[in-house]
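The primary structure of each chain is shown beneath.
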Amino acid sequence: MTKNIEIRALQTLEKSEDNVVEGYALKFNKESRDLGGFVETIAPDALEGVDLTDVRCFMNHDSSKLLGRTSSGTLQLNVDDVGLHFRCVLPDTSIGRDAMELVKRGDLNQCSFGFTVAKDKWLKGQNIMKRSINKIGSLLEISLVSIPAYDDTDVRVATRSLEDAVNELEKERLAVELELLTL
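Starting afresh in each chain, residues are numbered from 1 along the sequence in its written order. Thresholds applied to this predicted model are a pLDDT of at least 70 for local features of residues and 80 or more for the giving and counting of side-chain atom pairs; totals over whole chains, interfaces and linings are not thresholded and use all residues. Just so you know, side-chain values use all the structure's heavy atoms and leave hydrogens and water out.

(A) Main features of the overall build of the chain. Starting at the N terminus, helices and strands are each numbered in turn, a helix being any DSSP run of H or I of at least four residues and a strand any DSSP run of E of at least two. Scanning the chain from N- to C-terminus turns up two helices and ten strands. Relative accessibility under 20% of the residue-type maximum defines a buried residue, over 50% an exposed one, and the middle range a partly exposed one, all with a 1.4 Å probe and only protein chains included. Within the chain, the proportion of its 183 residues that are buried is 39%. Throughout, a residue-residue contact means that at least one pair of heavy atoms, one from each residue, lies within 4.5 Å. Long-range contacts, defined as pairs at least 24 residues apart, comprise 73% of the intrachain contacts of the chain with a sequence gap of at least 6. Note on areas: Shrake-Rupley with a 1.4 Å probe; residue coverage comes only from the protein chains shown. Working note: accessible area of the chain is about 10,300 Å², and carbon and sulfur atoms make up 50% of it.

(B) Representation of unusual backbone geometry within the structure. The backbone of N60 shows a phi angle near 55°, a positive value even though the residue is not glycine. Along the chain, N60 turns up in the loop between β4 (56-59) and β5 (62-69). On the basis of relative accessible area, N60 is assigned to the partly exposed category, the value being 41%. One non-glycine residue, H61, adopts positive backbone phi at about 60°. Among the structural elements, H61 can be located in the loop between β4 and β5. The exposure class assigned to H61 is partly exposed, which follows from its relative accessible area of 26%.

Rendered as structure tokens:
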């Protein structure tokens, strides 16, 4: 049994392929809400070297509400300059459909994560203690949540951009031209 698991929530989302949601499960250098007498931030290199090969995506940190998993390829995680971006293909189950509907409505529009801490630093602020997560030991899960610890997280239905659509049409046009030239 893993001990010392900590859970944090964030907000950030976009909209829409049929069953895909994406967003940021965590963002670097953004302050959390008051977590019970302290606030925290996550350092930009906190995820460096962390094994992301078997991270799960849940709804509201409930392991019985599994939405995706990196080991199966239904959850993709990417660490960039902003934070931890995710893309999750939701299952065609009651939980998956419920999650998608709640995201579409905007009721479920933020994220959270469950993790262990390998290295942190505490500082006394003016009115509250401040914690910096300098190294995450393991990332166990991310969750779509309605009440996050970090307001800067988000989740949204994955959308195709106008640029993607234009590029797709251009490819089709070029393919037709090429076909006509070979006649």
